[in-house]
Protein chains: 2
Amino acid sequence: MSSPDLSDFARERFSPLAFDERHVIGGDAVEALLEAAGRAPSAGNSQPWAFVVGVRGDEVHQRMARHLARSSSAWAPTASLLLANLSRQLVDDSDLEYSEFARYDLGQAVAHLSFQAHALGLAVHQFRAFDRDAMAAEFAIPHAWEVTTMAAIGVPAHAPGDLAGAGTSRERLPVAEIRWEV
Amino acid sequence: MSSPDLSDFARERFSPLAFDERHVIGGDAVEALLEAAGRAPSAGNSQPWAFVVGVRGDEVHQRMARHLARSSSAWAPTASLLLANLSRQLVDDSDLEYSEFARYDLGQAVAHLSFQAHALGLAVHQFRAFDRDAMAAEFAIPHAWEVTTMAAIGVPAHAPGDLAGAGTSRERLPVAEIRWEV
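Since this is a predicted model, take the numbers as computed values, not measurements. Each chain carries its own residue numbering, running from 1 in the direction its sequence is written. Ligands are numbered from 1 and chains lettered from A, in the order in which they are written. In keeping with the model being predicted, local features are shown solely for residues with a pLDDT of at least 70 and side-chain atom pairs are shown and tallied solely at 80 or more, while totals for entire chains, interfaces and linings include all residues. Hydrogens and water are ignored here; the side-chain numbers use all heavy atoms of the structure.

A.B. asks: Got a minute to help me understand empty space enclosed by the protein in this structure?
C.D. replies: Unfilled space is identified by rolling a water-sized probe across the atoms. Here a cavity means grid points, on a 1 Å grid over the protein atoms only, where a 1.4 Å probe fits yet cannot get out; a pocket means an open set of points with protein on both sides within 12 Å along at least five of seven lines; lining residues are those with an atom within 4 Å of a point. Grid points are joined across faces, edges and corners, and a volume is the space filled by probe spheres set on the points. Summed over the entire model, instances satisfying the criterion amount to two cavities of 30 Å³ or more. Forming the boundary of the largest cavity are Pro41, Gln108 and His112 of chain A together with Arg13, Ser15, Ser114, Val124 and Gln126 of chain B. Helix and strand labels come from DSSP, where a helix needs a run of H or I of at least four residues and a strand needs a run of E of at least two; each type is numbered from the N terminus. When residues of the lining of the largest cavity are traced back to their parent elements, those giving at least two are α5 (102-119) of chain A together with β3 (123-127) of chain B. Classification used: nonpolar for Ala, Val, Leu, Ile, Met, Phe, Trp, Tyr, Cys and Pro, charged for Asp, Glu, Lys and Arg, polar for all others including Gly. Of the residues belonging to the lining of the largest cavity, the class tally is two nonpolar, five polar and one charged. Of the pockets and cavities examined, the second largest cavity occupies roughly 30 Å³. Around the second largest cavity, the lining residues are Ala36, His112, Phe115 and Gln116 of chain A together with Ser7, Phe9 and Ala10 of chain B. The residue inventory of the lining of the second largest cavity, partitioned by class, reads four nonpolar, three polar and no charged.

A.B. asks: Got a minute to help me understand the environment of Ala109 of chain B in this structure?
C.D. replies: Residues and elements named next belong to chain B. Secondary-structure assignment places Ala109 in helix α5 (residues 102-119). Linking Ala109 and Trp49, residues 60 residues apart in sequence, is a C-alpha distance of 7.8 Å. Dropping the residues within four chain positions of it, Ala109 is found in contact with Ala37, Ala40, Trp49 and Phe51. We call two residues in contact whenever any of their non-hydrogen atoms come within 4.5 Å of each other.

A.B. asks: Quick question: what am I supposed to make of the confidence of the model for chain A here?
C.D. replies: Note that predicted coordinates carrying low pLDDT should not be read in detail. In the predicted model, chain A carries a mean pLDDT of 95, and the fraction of residues at 70 or more is 97%. Across the assembled chains, the prediction reports ipTM 0.96 with pTM 0.97. The score called pLDDT rates the predictor's confidence residue by residue, from a low of 0 to a high of 100.

A.B. asks: Teacher, can you tell me more about the sheet that holds strand β2 (residues 81-88) of chain A here?
C.D. replies: Sheet strands pair via backbone hydrogen bonds, and the direction of the pair is either parallel or antiparallel. Residues and elements named next belong to chain A. In short, DSSP must find at least two bridges between two strands for them to pair. Reading across from one edge, β1-β2-β4-β3 is the order of the four strands in this open sheet, with antiparallel pairing throughout. Two strands lie at the open edges of the sheet, namely β1 (49-55) and β3 (123-127), each paired on one side alone. For this sheet the average axis-to-axis angle between neighbouring strands, irrespective of direction, equals 25°. Summarising the sheet, β3 and strand β4 (residues 145-154) pair through five bridges and their orientation is antiparallel. In the strand pairing of β4, Phe127 is matched with Met150. Interaxial angles span 0 to 180 degrees and are taken between N-to-C directions of axes, which are lines fitted to C-alpha atoms, for helices over the stretch in contact. Against the sheet, helix α2 (residues 27-38) makes contact with β1, β2 and β4, and its axis sits at roughly 165° relative to β1, the strand it touches most.

A.B. asks: What exactly am I supposed to notice about the pattern of salt bridges here?
C.D. replies: Pairing is possible between side chains of opposite charge, provided their charged atoms come close. For this document, the term salt bridge refers to a Lys or Arg side-chain nitrogen within 4 Å of an Asp or Glu carboxyl oxygen. Taken as a whole, this structure holds 16 salt bridges over all chains when the rule is applied. One salt bridge connects Arg103 of chain A with Glu146 of chain A, and the closest N-O pair in it is separated by 2.9 Å. Remark: Glu146 of chain A occurs in strand β4 and Arg103 of chain A occurs in helix α5; sequence separation between them is 43 residues. Burial classes: relative accessible area under 20% of the type maximum marks a residue as buried, over 50% as exposed, and values in between as partly exposed (1.4 Å probe, protein chains only). With a relative accessible area of 13%, Glu146 of chain A lands in the buried category. Look at the salt bridges and you will find they share partners, linking Glu100 of chain A together with Arg103, Arg132 and Glu146 of chain B into a network.

A.B. asks: Would you take a moment to explain α2 of chain A for this structure?
C.D. replies: Given 3.6 residues per turn, any residue in an α-helix points the same way as the ones three and four places further on. Expected span of a helix, by definition, is 1.5 Å for each gap between consecutive residues, and there is one gap fewer than residues. With twelve residues, α2 of chain A extends 16 Å from end C-alpha to end C-alpha; this agrees with the ideal 16 Å at 1.5 Å per step. Summarising burial for α2 of chain A: nine of the twelve residues are buried, a large majority. Restricting attention to buried positions, one finds in α2 of chain A the residues Ala29, Val30, Ala32, Leu33, Leu34, Glu35, Ala36, Ala37 and Gly38 of chain A. Of the surrounding secondary structure, the elements contacted by the buried residues of α2 of chain A are β1, β2, α5 and β4 of chain A together with α1 (8-12) and α7 (175-178) of chain B.

A.B. asks: Any chance you could explain the packing of α2 of chain A against α5 of chain A here in plain terms?
C.D. replies: When two helices pack together, their arrangement is given by the angle between the helix axes and by the axis-to-axis distance. Residue and element names in this part refer to chain A. Running from N to C, α2 and α5 point in directions that differ by 140°, and their axes come no closer than 7 Å. As judged from the angle between their axes, α2 and α5 are oblique. For the pair α2 and α5, the sense of crossing is right-handed. Two secondary-structure elements touch here, α2 through Ala32, Leu33, Ala36 and Ala37 and α5 through Ala109, His112, Leu113, Gln116 and Ala117. Taken together, the residues of the contact of α2 with α5 sort by class into seven nonpolar, two polar and no charged. Roughly parallel covers angles under 35 degrees, roughly antiparallel covers those over 145, roughly perpendicular covers 65 to 115, and oblique covers all other angles. In this scheme, a crossing is called left-handed if the near helix is turned counterclockwise away from the far one by less than a right angle; it is called right-handed if the turn is clockwise.

A.B. asks: Is there a simple way to explain the relation of the copies chain B and chain A in this structure?
C.D. replies: The relation between the two copies of this chain is a rotation about an axis and a shift parallel to it. Screw-axis analysis of chain B against chain A gives a translation of 0.0 Å along the axis, an RMSD of 0.0 Å, and a rotation angle of 180°. Interpreted geometrically, this transformation is the action of a two-fold axis. Looking at chain B, 99% of its interface residues are interface residues in chain A too, so the copies touch through the same face. Only residues with pLDDT of at least 70 in both copies contribute their C-alpha atoms to the least-squares superposition of the copies.

A.B. asks: What am I meant to see in the side chain of His112 of chain A here?
C.D. replies: Considering the arrangement of structural elements, one finds His112 of chain A in helix α5. Residue His112 of chain A is classed as buried on the basis of its relative accessible area of 4%. With residues near it in sequence (within four places) discarded, His112 of chain A still touches Ala36, Ala37, Ala40 and Pro41 of chain A together with Phe9, Arg13 and Ala111 of chain B.

What follows is the structure, encoded as structure tokens:
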């Protein structure tokens, strides 16, 4: 049973395990997704994020697909859009931490991108199943940045409940258990 | 100039620096906010989050307000709802990391909560200006969990552009600068 006030986004969002390979994403949609991500709040407005952008069929998409793990290579390249989500860990070439909240803020930015995707009829599946070092080398990512996660974005090729068992559980703790008892 | 496809949420969201003290938040809204947070995706569905919940006027809200820094104590207690946002760092009492993505996933959960807040006509201002150790002690938060951020939630008492200069800049990098050059 879910809260009567819950938004459509919270009700409907899921991480697809298969994407519609006929769907082609347009430049306007890519622009809107990145702009939504970039408008996320961050500690001191530090904006500790950047995105490698590959559209299915282009060279960047192919270069990213080479460094996926076996598990994600089965489905992620079918997405219209692949992103490598970078968080800024260090101040340029120094050993100084750029922001204590770099990963927290990147998570927020990708969540904001996910709302925007939903508004465009698209869905997002984030994952860690890729070779982080190889991906960083492929795109000459400097030491100050981390390829924290990736995201596959497109039109789902299945309903939320389908392909059950193909991924991790979608069950959530009840609200009473995430509300800290005081 | 913003993308024509950008959602209302991405266009309108901001972090208020003053809240309407006449607004009282209902239990249904609190439930919807926490449920939206809990439905966020997380690495392996690890759900590394929990929330201390204080409604203005109740005892928890008062106990939280005591540990705010001077900067946030000027405005955060005027919010209808105060949250302490906890990320799970360790597996119970061991030294094992619970999830590499604990803070990343908490950031996502708070972003999902922010989207739900917008759907309810509310706005969220996250902050780090509080005494982390004192807050953890106040609510007997065990070592395995971190009070990563706080959030003040309510009806804004000003428009986005007002109170300029009172906080950090709201300017964002253009999309071309967060898109990694390849």
